[in-house]
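Chain by chain, the residues run as shown.
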Amino acid sequence: MALRRRKLGNPLALAVLTTLWQKPMHPYEIAQTLRQQGKDASTKINYGSLYTVVQNLEKHGFVEVTEVQKQGNRPERTVYGLTEAGREEMTEWLSDLMAVPAKEYPIFETALSLMGALPPDEVVRLLEERIKALEVQAASGRGALEKLYETLPRLFLVETEYQLHMVEAQTEWVRGFLEEIRKGTLPGVEPWRRYHETGEMPQEFT
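Description of the structure in this document.

### Here's the deal with the overall build of the protein
Right, on to step 1. A tally of helices and strands in the protein yields 8 helices and 2 strands.
Right, on to step 2. N-terminal to C-terminal, the α/β element order of the protein is α-α-α-β-β-α-α-α-α-α.
Right, on to step 3. Counting only C-alpha atoms, the protein reaches 75 × 40 × 35 Å along its principal axes.
Right, on to step 4. The buried share of the protein, taken over its 206 residues, is 30%.
Right, on to step 5. Across the protein, every contact between residues at least 6 apart in sequence was considered, and the portion connecting residues at least 24 apart equals 58%.
Right, on to step 6. As presented, the protein carries roughly 14000 Å² of accessible surface, and 54% of it is formed by carbon and sulfur atoms.
Right, on to step 7. Charged side chains in the protein number 25 positive and 30 negative. The centres of these two groups are separated by 5 Å.

Structure (structure tokens):
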């Protein structure tokens, strides 16, 4: 089962819809709310393009102007709210993302797929550096979570838990992979090493 194509595919659009689901807001308030609720830790948010996202949502009938605020000499602020179509789009889109696994392309996967261009010993050194960085990241994440648990229900921290779990899982996998390279038990590691020593492509790789 694949994710359905949508009129707007930018995850920031979904973040805006779910923010307006809480109450009508003007774009600046949407940006503030996203930041206050920590959504910038799980969604790539370009606040400069947020106004364009809101305009596109309005163009497709997912949000509408509910009022225009004017206070003294300040510029007018246009307040937007969800339409019925917007509520349906938000529900269907979010449901799809929750239920259907999508192929993503993390940059680390790209690096792993191309690492043969580096000598095995260099890959070992680089992955050792990565493990150290991941361990710091995990320790920092655990500490931050413990503090957040003191003030927020777990319901609002599940994405942070998931991020931490992914960091810990990656650390465990990289550590095991490193051992295979070091011990020479990784299938293909010797031809890989030989190639970088001689410059000749091993028959195993052709």
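### Regarding the layout of surface pockets
Right, on to step 1. By volume, the second largest pocket is sized at about 160 Å³.
Right, on to step 2. Around the second largest pocket sit Phe108, Ala111, Leu112, Met115, Leu118, Val123, Leu126, Leu127 and Arg130, which together line it.
Right, on to step 3. Of all the secondary structure elements, the ones that give two or more residues to the lining of the second largest pocket are α5 (107–114) and α6 (120–149).
Right, on to step 4. It is α6 that contributes the most residues to the lining of the second largest pocket, 4 residues altogether.
Right, on to step 5. Taken together, the residues of the lining of the second largest pocket break down into 8 nonpolar, no polar and 1 charged.

### Some words on helix α3 (residues 50–59)
In an α-helix there are 3.6 residues to a turn, and that puts residues three or four apart on one side.
Right, on to step 1. Within the sequence span of α3, burial applies to Leu50, Val53, Val54 and Leu57. For α3, the angular spread of buried residues about the axis comes to 100°, placing them on one side.
Right, on to step 2. Close packing links the buried residues of α3 with α1 (11–22), α2 (27–36), β1 (63–69) and β2 (77–82).
Right, on to step 3. Glycine 61 lies just past α3 and shows a positive phi near 80°.

### Section: the packing of aromatic side chains
Right, on to step 1. Evaluation of the coordinates by the stated rule reveals 1 aromatic pair.
Right, on to step 2. The ring of tyrosine 105 carries the charged tip of lysine 103 above its face, separated from the ring centre by 5.3 Å.
Right, on to step 3. When the ring centre of phenylalanine 108 is taken as origin, the NZ or CZ atom of arginine 130, which lies over that ring, is 3.6 Å away.

### Observations regarding the side chain of arginine 6
Right, on to step 1. Residue placement: arginine 6 occurs in the segment before α1.
Right, on to step 2. Reaching out from arginine 6, the side chain makes a polar contact with the side chain of glutamate 89 at a distance of 2.9 Å.
Right, on to step 3. Among all residues touching arginine 6, those that are not within four sequence positions of it are Glu89, Glu92, Trp93 and Asp96.

### Considerations on the packing of α6 against helix α8 (residues 189–198)
Right, on to step 1. Running from N to C, α6 and α8 cross one another at 110°; their axes reach a closest spacing of 9 Å. When the axis of α6 is compared with that of α8, the two are roughly perpendicular. Here Pro120, Asp121 and Val123 of α6 come into contact with α8, specifically with Val189, Trp192, Arg193 and His196.
Right, on to step 2. A per-class count over the contact of α6 with α8 returns 4 nonpolar, 1 polar and 2 charged.

### Structural notes on a nonpolar patch on the surface
Right, on to step 1. Judged by side-chain polarity, Leu148, Leu152, Leu155 and Phe156 come together as a nonpolar surface patch covering roughly 370 Å² of accessible area.
Right, on to step 2. One can find leucine 152 in the loop between α6 and α7 (158–183).

### Some points on the packing of α1 against α3
Right, on to step 1. Taken N-terminus to C-terminus, the directions of α1 and α3 make an angle of 75°; their axes are 10 Å apart at the nearest point. Considering their axes alone, α1 and α3 lie roughly perpendicular with respect to each other. Contacts between α1 and α3 involve Leu12, Ala13, Val16 and Leu17 from the former and Leu50, Val53, Val54 and Leu57 from the latter.

### Regarding the side chain of histidine 26
Right, on to step 1. Counting through the fold element by element, histidine 26 comes out in the loop between α1 and α2.
Right, on to step 2. A residue is classified by how much of its surface remains accessible, and histidine 26, at 8% relative accessible area, is buried.
Right, on to step 3. A distance of 3.2 Å separates polar atoms of two side chains, one belonging to histidine 26 and the other to arginine 77.
Right, on to step 4. Discounting residues that sit within four places of it in the chain, histidine 26 has contacts with Gln69, Arg77, Thr78 and Val79.

Criteria and thresholds
Within each chain, residue numbers correspond to sequence positions counted from 1 in written order. Local features in a predicted model are, by the rule used here, given only for residues with pLDDT of at least 70; side-chain atom pairs are given and counted only at 80 or more, and totals for whole chains, interfaces and linings are based on all residues. To get the side-chain values, take all heavy atoms of the structure and skip hydrogens and water. Only runs of H or I of at least four residues qualify as helices and only runs of E of at least two qualify as strands under DSSP, and these elements are numbered from the N terminus. For every residue, the accessible area obtained with a 1.4 Å probe (protein chains only) is divided by the maximum for its type, and the residue is called buried under 20%, exposed over 50%, and partly exposed between those limits. Throughout, a residue-residue contact means that at least one pair of heavy atoms, one from each residue, lies within 4.5 Å. Where accessible areas are quoted, they stem from the Shrake-Rupley method and a 1.4 Å probe; at the residue level, only the protein chains shown are allowed to cover. Here Asp and Glu are counted as negative and Lys and Arg as positive; His is not counted, and neither are the chain ends. For the purpose of locating charges, the reference atoms are NZ of Lys, CZ of Arg, CG of Asp and CD of Glu. Think of a 1 Å grid over just the protein atoms. A cavity is a set of points where a 1.4 Å probe fits yet cannot get out, a pocket is an open set with protein on both sides within 12 Å along at least five of seven lines, and lining residues have an atom within 4 Å of a point. Grid points are joined across faces, edges and corners, and a volume is the space filled by probe spheres set on the points. As a working rule, the residues Ala, Val, Leu, Ile, Met, Phe, Trp, Tyr, Cys and Pro are called nonpolar, Asp, Glu, Lys and Arg charged, and the rest polar, with Gly in that last group. An arc is given here, and it is the one of the directions from the helix axis to the C-beta atoms. Only the six-membered ring of Trp is used, alongside the rings of Phe and Tyr, when aromatic pairs are assigned; centres must lie within 6.5 Å, and planes under 30 degrees apart are stacked while those over 60 apart are edge-to-face, with the rest tilted. Only when the NZ of Lys or the CZ of Arg is both within 6 Å of the ring centre and within 35 degrees of the ring normal is a charge said to sit over the ring. Polar contact is the term for a pair of N or O atoms within 3.5 Å; when the atoms are in protein, one must be able to donate a hydrogen and the other to accept it, and sequence-neighboring residues count only if both atoms are side-chain atoms. What counts as an axis is a line fitted to C-alpha atoms, over the stretch in contact for a helix, and the angles between N-to-C directions run from 0 to 180 degrees. In these notes the angle categories are as follows: under 35 degrees is roughly parallel, over 145 is roughly antiparallel, 65 to 115 is roughly perpendicular, and the rest is oblique. Nonpolar side chains (Val, Leu, Ile, Met, Phe, Trp, Tyr) within 5 Å and like charges within 9 Å form the patches, drawn only from residues with over 30% relative accessible area and no salt bridge. Here a salt bridge means any side-chain nitrogen of Lys or Arg lying within 4 Å of a carboxyl oxygen belonging to Asp or Glu.

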